[in-house]
Amino acid sequence: MHQLEISDLITAVEPRSGRRLPVRRAEVIQQLRESGDERAVRIVAELPSDRDGVLDPHVVDRLLISVHTELQRLSEELRVGERLVHLLGPLFTAIRSTGARSGPYRLVDVGCGLGYLVRWLAATNALGADVELVGVDLDAALVGEAERLARAEGLGCRFVHGNAFDLPEAATVYVSTGVLHHFRGPALAEFFQVQAATPAHAFCHYDIAATRLAPIGAWVFHHARMRHPLGRHDGVVSARRAHSDETLLRAAAAPGIRPLLYEPRGSVNPFCTTLRPVIGVRPYLEAPLRLALGRAARRLVGPEHLAEATG
Ligand SMILES: C[S@@+](CC[C@H](N)C(=O)[O-])C[C@H]1O[C@@H](n2cnc3c(N)ncnc32)[C@H](O)[C@@H]1O
């Protein structure tokens with residue numbers, strides 16, 4: 001049990017409009033209690049609510065921004081930017097080489113939170129000037145803070161409040177970090193199908209690798225780096241909710257998409273890998289991507305590899 005992340009429960013928006021919805025503290029507590037998570041119940045019970053029992057949205061926003069700021073420090077430590085560029089660099093090289101579409105290209109970070117990744121990419125110009133960088137999040141407070149930080153740093157990127165799949169312009173590549181485990185059951189395959197149905201060339205979604213040690217690693221990291229009990233709690237729960245390699249490859253096999261996994265479990269030291277991506281490319285992009293990756297292409301596997309490994 002203990003499968004619920006508090007941050008998913010204490011804020012709610014109408015998915016189409018992004019409009020904020022009131023959240024009743026007693027209802028959150030009841031859900032957590034039913035999942036058997038008394039520690040989470042105590043954390044939520046401390047949050048202030050109004051006379052009707054609705055959680056104070058300003059307090060919730062400030063709390064989530066502070067937890068995500070601590071999360072950003074983890075991303076810096078885990079060199080999330082470098083890890084992404086290791087794959088996204090060759091992916092954009094492959095897209096450019098096919099000439100299927102000339103630039104400018106657009107990278108969309110789905111559920112960008114405070115926009116660390118997009119801001120890092122903008123600050124380092126790691127993907128080249130022909131890649132427009134856009135971060136999108138349903139949470140107005142987080143994306144507002146991302147925009148504020150980008151302006152303060154004078155960065156060439158932009159942030160949008162809303163659903164990443166409702167943007168007026170199509171993405172060339174969709175990316176995300178730490179988002180996949182939030183989609184459970186059929187919602188995971190739907191997440192990939194929506195992207196497959198757009199003109200996008202590829203997607204590349206990073207999430208915690210589901211190793212046996214992931215929850216222990218998450219506990220150590222989040223206790224060392226996060227002060228608020230909510231951040232510590234959700235960090236460990238998210239590692240427990242991480243999807244297996246098989247689940248991700250199966251879900252990512254959407255129409256017109258070749259699903260691939262980089263650094264599958266078992267090929268790496270479980271202590272070291274913390275985030276690894278599931279990738280989907282249009283079939284004509286696989287060969288140019290492997291070429292652009294060079295020796296690292298050996299770490300890129302499709303569903304047939306996992307069938308061999310387990311069969
Ligand atoms: C755990 S946060 C990840 C934040 C950030 N990527 C990071 O690594 O710090 C997941 C975020 O995804 C957002 N989200 C989920 N589905 C989305 C969608 N379709 N469009 C925009 N944002 C989405 C949620 O609002 C939430 O803020």
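That block above? That's the structure.
Presented here is a report on the structure given in the accompanying data block. Bear in mind the structure is a predicted one, so any value in this text is a computation, not a measurement.

Rules behind the numbers
- Residues numbered from 1 in each chain as written.
- Predicted model: local features only at pLDDT ≥ 70, side-chain atom pairs only at ≥ 80, totals over all residues.
- Heavy atoms only, no water.
- Helix = DSSP H or I, 4+ residues; strand = E, 2+ residues; numbered from the N terminus.
- Contact = heavy atoms within 4.5 Å.
- Buried < 20%, exposed > 50% of the residue type's maximum accessible area, 1.4 Å probe, protein only.
- Salt bridge = Lys/Arg side-chain N within 4 Å of Asp/Glu carboxyl O.
- Core = buried A, V, L, I, M, F, W, Y, C linked by side-chain atoms within 4.5 Å.
- Near = heavy atom within 4 Å.
- Polar contact = N/O pair within 3.5 Å; in protein donor to acceptor, adjacent residues only side chain to side chain.
- Areas by Shrake-Rupley, 256 points an atom, 1.4 Å probe, with all protein chains shown as cover.
- Nonpolar A, V, L, I, M, F, W, Y, C, P; charged D, E, K, R; others polar.

### Considerations on the environment of Leu9
For Leu9, the location among the structural elements is in helix 1 (residues 6-9). Residues Leu9 and Val23, spaced 14 residues apart in sequence, show a C-alpha to C-alpha distance of 8.1 Å. Those residues within four positions of Leu9 in sequence are excluded, and the remaining contacts are Leu4, Val23, Val28, Gln31 and Leu32.

### Thoughts on the environment of Glu14
Within the element layout of this structure, Glu14 appears in the loop between strand 1 (12-13) and strand 2 (20-21). The class for Glu14 is partly exposed, based on a relative accessible area of 29%. With 148 residues separating them in the primary sequence, Glu14 and Gly162 have C-alpha atoms 9.8 Å apart. The residues touching Glu14, leaving out its near neighbours within four places in the chain, are Arg19 and Leu21.

### A look at the pattern of salt bridges
Taken as a whole and judged by the stated rule, the model has 17 salt bridges. Arg33 is paired through a salt bridge with Glu38; the nearest N and O atoms lie 3.2 Å apart. Residue classification places Arg33 among the partly exposed positions, given a relative accessible area of 48%. A salt bridge links Glu147 to Arg151; its shortest N-O distance comes to 2.2 Å.

### Comments concerning the nonpolar core
In terms of nonpolar packing, the biggest core is built from 48 residues, with Leu88, Leu107 and Leu133 touching the most fellow members. Here this core gets 9 residues from one element, more than from any other, and that element is helix 5 (residues 80-98). Contacts of Leu88, omitting those with residues within four sequence positions, involve Leu107, Leu127, Val173, Val175 and Cys204. Counting residues in hydrophobic clusters, the runner-up holds 25 residues, among them Leu167, Ala251, Ala252 and Ile257.

### Things to note about the site of the ligand
In the vicinity of the ligand, 20 residues are found, and the nearest of them are Gly111, Asp137, Asn163, Ala164 and Thr177. In the environment of the ligand, a nitrogen atom lies 2.8 Å from a nitrogen or oxygen atom belonging to the backbone of Gly111. When the ligand is considered free in solution it has 610 Å² of accessible area, and contact with the protein chains removes 81% of it. Of all the secondary-structure elements, those providing two or more residues to the shell around the ligand are helix 4 (57-77) and strand 4 (131-137). Grouping the amino acids of the shell around the ligand by side-chain chemistry returns 10 nonpolar, 8 polar and 2 charged.

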